[in-house]
Amino acid sequence: MLLARLGDLERAASRGRGAFFSRFLDPQELAVFNRAPRPSCEVMAWGGYEGSERQMLGFFPDYAEPQAAAFPLCALRAECAEELGHRTLLGALMSLGIERSLIGDIAKEEDGSAVLFVCDSIADFIQMNVTRAGRSRLTLLPVPIEKLRLRERAWEPVSGTVASLRLDCVLGLLTGQSRAAVEELLRREQVSVNFAVCTKGSVSLACGDVLSVRHFGRAELLEIGGESRKGRIWITLKRYV
């Protein structure tokens, strides 16, 4: 169904009827699109800033240059007496019945202010109706995207040795779980590799691969080192916090 919807946008753009845009897609949906045959028109993914996780797809006709400024999204800065967490702010939005696909990332500026990336079509509604987050009063104000100074997403290294670069071995280091517990996570489809569900512990990993484990978060295989005296492989994971 996702590819069918995106295919409709692609065909409309290919016929020269202008640029067409999806709503925000999560990393798994973007991965599904990227594994499909390449579209017949120019396509660009953008979520408001470099490295954004949730992104729109823009399909552009031959005569239009893909550019970020064309995307129907905007940034809203949260002004609040206390620093708001991602879950608190997202909960305030979801309580209004807003579809998740209309909301992009929730990022932090260098001063700690939260910034929402949302579809243009819902921005005014959000500003008028989201006035509290948790117990705190909240004001959302539009801010030019080019003026944002966003923090890099926080992460911590997880280093150690593994018997091999098999997924189940790396998961054991990342989660601290036993082999049996890791096999159960895989069996229950709670593990994704590069945003695609994976149930096979024998899959071999490489630098740059992204692991998502339900209840344990997300990590990237950052570095593969040499072997220890016992023949185990040194690796470092970037675990997002």
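Up top is the structure these notes are about.
A brief report on the enclosed structure follows. (Residues numbered from 1 in each chain as written. Predicted model: local features only at pLDDT ≥ 70, side-chain atom pairs only at ≥ 80, totals over all residues. Heavy atoms only, no water.)

Position of D105 among the secondary structure elements: in strand 5 (residues 103–108). Here D105 is buried and forms no salt bridge, its nearest opposite-charge partner R54 lying at an N-O distance of 5.3 Å. Only 2.7 Å separates the side chain of D105 from the backbone nitrogen of E53, close enough to count as a polar contact. Every residue in contact with D105, bar those within four places of it in the chain, is listed here: Y49, S52, E53, R54, V115, L116 and F117. (Helix = DSSP H or I, 4+ residues; strand = E, 2+ residues; numbered from the N terminus. Buried < 20%, exposed > 50% of the residue type's maximum accessible area, 1.4 Å probe, protein only. Lys, Arg positive; Asp, Glu negative; His and termini not counted. Salt bridge = Lys/Arg side-chain N within 4 Å of Asp/Glu carboxyl O. Polar contact = N/O pair within 3.5 Å; in protein donor to acceptor, adjacent residues only side chain to side chain. Contact = heavy atoms within 4.5 Å.)

A separate point is the sheet that holds strand 3 (residues 56–60). One open sheet accounts for 3 strands, arranged 1-3-2; its pairing is antiparallel. Both outer strands of the open sheet, strand 1 (20–21) and strand 2 (42–46), are each paired with one neighbouring strand and no more. Both strand 1 and strand 3 contribute to a ladder of 2 bridges, which runs antiparallel. Looking at the pairing, F20 lines up with F59 of strand 3. Its contacts with the sheet place helix 1 (residues 2–14) against strand 1 and strand 3, and it is angled at close to 30° to strand 3. (Pairing = 2+ DSSP bridges. Axes fitted to C-alpha atoms, helices over the stretch in contact; angles between N-to-C directions.)

With 8 bridges joining them, strand 9 (residues 155–162) and strand 14 (residues 233–240) adopt antiparallel strand pairing. When the bridges of strand 14 are listed, V158 appears paired with L237. Where strand 13 (residues 217–227) and strand 14 come together, 6 bridges link them in antiparallel fashion. Its bridge partner being in strand 14, E220 is matched across the sheet by K238. Taking the residues between adjacent antiparallel strands as the criterion, strand 13 and strand 14 are bridged by 5 residues, where G231 takes a positive phi near 85°.

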